Amino acid sequence: MTRRAGAADLPLHTGRVPAWLGQRMARLGAVITQAVIHHYGRDEFLCRLAHPFWFQSFGAVMGMDWHSSGMTTAVIGALKRGLAPLSGELGLYVCGGRGRHSRRTPDELRAIGDATGLDAAPLVATSKMVAKVDSAAVQDGFDLYLHGFVVATDGRWAVIQQGMHTGQRMARRYHWLSEGLDSFVETPHAAIDGRRAGSAIMNLTDRRAAPSRQGQMDLLHAMGPDRLVQEVMRIEGRAPSAPVQAELPHLFLPAHHDVRPADVNMRRLHGALAAASEAGPQDFADLLRVPGVGARTVRALALVAEVVHGAPCRFSDPARFSLAHGGKDRHPYPVPVAVYDRTLSVMKAAISAARLGREERLEAIRRLDSATRRLERKATGPSLSAIMAGERERSHEYGGRSVFGYEPPPSRRVSEGQGNRVVRHDDQPQDQQRHEGDASRHAG
């Protein structure tokens, strides 16, 4: 993956991640991280964090809102919690976060240095410099509020920062990667995520801004009247100006919260569905030796497998990955908790077996991804609307849950005149308390 990976719009959304989902995100984020590191190494995982398209798809497959600004906070938080018990084994540490957590990054880096022997001083300086560059050298109207620093025991790191523009109600995410970084002030970013809002953006870190940086230094040392007049003439357009910065490859994440056909590459989605069908619930469950794995779980695993093994070009439509485990706000449908837990069981079993030298289960998941790419060239299937309608119809069977509560059966919604409204958890009858456990039978 290249250091400069592209750009994306992130609409500002409020709200919190419910505990029942946050805990699962931490566990799934950890097992996906372990799978990536097992197959491709720790450096590759850091590179993927620096790829904004992959990062967005990673969050979507974990059941977070597929397009909102909260994705960044939720993913960084999930990784920090999920990887903490594994840091010694993986040699990977997650520091910082949102608001006050971001300001604790230097202290966390020093603590890591004390525990591992890693020289923390340059990492602390790096953390501060990265924040300074994105808040001062890149002046685009977005105020930083999140700083996540992921560091390995060999000193390599990735940084994800995010700023908000309250006037536009948009967020911009900035990705950094230590690999290939020669200068903090000349094209240092792996990527800058955000919506282009006109020409009123000053990026003094672009290599084409080198004359501007040098000019500012010259002015500081020799502010003679002739030189100042020349600068004023240049600003007013009476002298040649520097070329305009080229626009990065752009991923547009729209303001609408629902998942629409235009947001999903249906050819790839049909490939994943066809691969899950071809694998066969019985054969796949027997291969992985995890009881209860059925067709619906295999469909989710096909998308998880792509997050682990997919090439960078395959993450241009992050909405597609929300079809694995839904979303906390019921878009594209409520989170199928039973399916989510089966996915976790399969991935954890595969990782555990691989640690003991038994690669069969992880290889089965890799083959599922290979089948997706092979079959998508000719696969056909139902429309996105039909897929989502089917998921919502059976949501209660899979332990469907959202920030609004558990998903009731369709018959109950109709009989009580609820339409699409969701009954809150407090309104559920006593037998609903057993809903999540009983739903595991239906995950197949």
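Anything mentioned here points back to the structure above.
Residues numbered from 1 in each chain as written. Predicted model: local features only at pLDDT ≥ 70, side-chain atom pairs only at ≥ 80, totals over all residues. Heavy atoms only, no water.

### Looking at the overall build of the protein
In terms of helices and strands, the protein carries 19 helices and 13 strands. Approximately 19,300 Å² of the protein is accessible, and the part contributed by carbon and sulfur atoms is 52%. (Helix = DSSP H or I, 4+ residues; strand = E, 2+ residues; numbered from the N terminus. Areas by Shrake-Rupley, 256 points an atom, 1.4 Å probe, with all protein chains shown as cover.)

### Regarding the nonpolar core
Formed by 89 residues in total, the largest nonpolar core has its most connected members in Ile32, Leu49, Val61 and Leu92. No other element matches the ten residues that helix α1 (residues 19-40) contributes to this core. Dropping the residues within four chain positions of it, valine 61 is found in contact with Leu28, Ile32, Leu303, Val304, Val307, Phe321, Ala324 and His325. (Core = buried A, V, L, I, M, F, W, Y, C linked by side-chain atoms within 4.5 Å. Buried < 20%, exposed > 50% of the residue type's maximum accessible area, 1.4 Å probe, protein only. Contact = heavy atoms within 4.5 Å.)

### Focus on unusual backbone geometry
Cis geometry is adopted by the peptide bond preceding proline 332, which originates at histidine 331 and carries an omega value of 5 degrees. Structurally, proline 332 can be placed in the loop between α14 (322-325) and β11 (335-336). The residue arginine 169 is not glycine, and still its phi comes out positive at about 50 degrees. Topologically, arginine 169 is positioned in the loop between β6 (157-165) and β7 (170-177). Arginine 169 sits in the partly exposed class, given a relative accessible area of 48%. Unusually for a residue other than glycine, arginine 330 sits at a positive phi of about 75 degrees. Judged by its relative accessible area of 14%, arginine 330 is buried.

### Thoughts on helix α16 (residues 360-375)
Here α16 contains 16 residues, and its C-alpha end-to-end distance of 22 Å stays within 8% of the 22 Å for a straight helix at 1.5 Å per residue. Every buried residue of α16 is accounted for by Arg361, Leu362, Ala364, Ile365, Leu368, Asp369, Ala371, Thr372 and Leu375. (Expected span 1.5 Å × (residues − 1).)

### Notes on the side chain of threonine 372
One can find threonine 372 in helix α16. At a separation of 3.1 Å, a polar atom in the side chain of threonine 372 contacts the main-chain carbonyl oxygen of leucine 368. Residues contacting threonine 372, with those up to four places away along its chain left out, are Arg268, Gly271, Ala272, Ala275, Ala302, Glu306 and Arg314. (Polar contact = N/O pair within 3.5 Å; in protein donor to acceptor, adjacent residues only side chain to side chain.)

### Topic: helix α7 (residues 105-116)
Between its terminal C-alpha atoms α7 stretches 16 Å, which fits the 16 Å expected from twelve residues at 1.5 Å a residue. Just downstream of α7 lies glycine 117, where phi reads positive at about 85 degrees.

### Topic: the sheet that holds strand β12 (residues 400-402)
The pairing of strands in a sheet comes from backbone hydrogen bonds and takes either a parallel or an antiparallel form. Across the sheet, three strands lie side by side as β11-β12-β13; this open sheet has antiparallel pairing. The open sheet has two free edges, formed respectively by β11 and β13 (405-406), since each of these has just one partner strand. Where β11 lies against β12, two bridges are found, and the strand directions are antiparallel. Paired with proline 336 across the two strands is glycine 400, which belongs to β12. (Pairing = 2+ DSSP bridges.)

### Let's talk about the packing of aromatic side chains
Under the counting rule described, the total for this entry stands at four aromatic pairs. Among the aromatic residues, those joined into a ring-pair cluster are Phe45, Trp54 and Phe58. Arginine 296 extends its terminal NZ or CZ atom over the ring of tyrosine 398, reaching a point 6.0 Å from the ring centre. (Phe/Tyr/Trp six-rings, centres within 6.5 Å; stacked < 30°, edge-to-face > 60°. Lys NZ or Arg CZ within 6 Å of the ring centre and 35° of its normal.)

### Some remarks on the pairing of β7
With eight of eight residues buried, β7 is to be regarded as a mostly interior element. Looking at chain direction, strand β2 (residues 10-11) and β7 are connected through two bridges and run antiparallel. Paired with proline 11 across the two strands is methionine 170, which belongs to β7. Examined bridge by bridge, β6 and β7 share eight bridges and lie antiparallel to one another. Residue alanine 158 lies in a different strand from β7, and its bridge partner there is leucine 177. Taking the residues between adjacent antiparallel strands as the criterion, β6 and β7 are bridged by four residues, where arginine 169 takes a positive phi near 50 degrees.

### Quick look at the pattern of salt bridges
As enumerated under the stated definition, the model contains 23 salt bridges in all. Here lysine 80 ties to glutamate 108 by a salt bridge, and the two come within 2.8 Å at their closest N and O atoms. Of the two residues, lysine 80 sits in helix α4 (residues 70-83) while glutamate 108 sits in helix α7, which places them 28 residues apart along the sequence. Given a relative accessible area of 23%, lysine 80 falls into the partly exposed group. A network of salt bridges, in which partner residues are shared, links Arg267, Arg268, Glu306, Arg314, Asp317, Arg320 and Glu376. (Salt bridge = Lys/Arg side-chain N within 4 Å of Asp/Glu carboxyl O.)

Geometric values such as these leave the question of function open.
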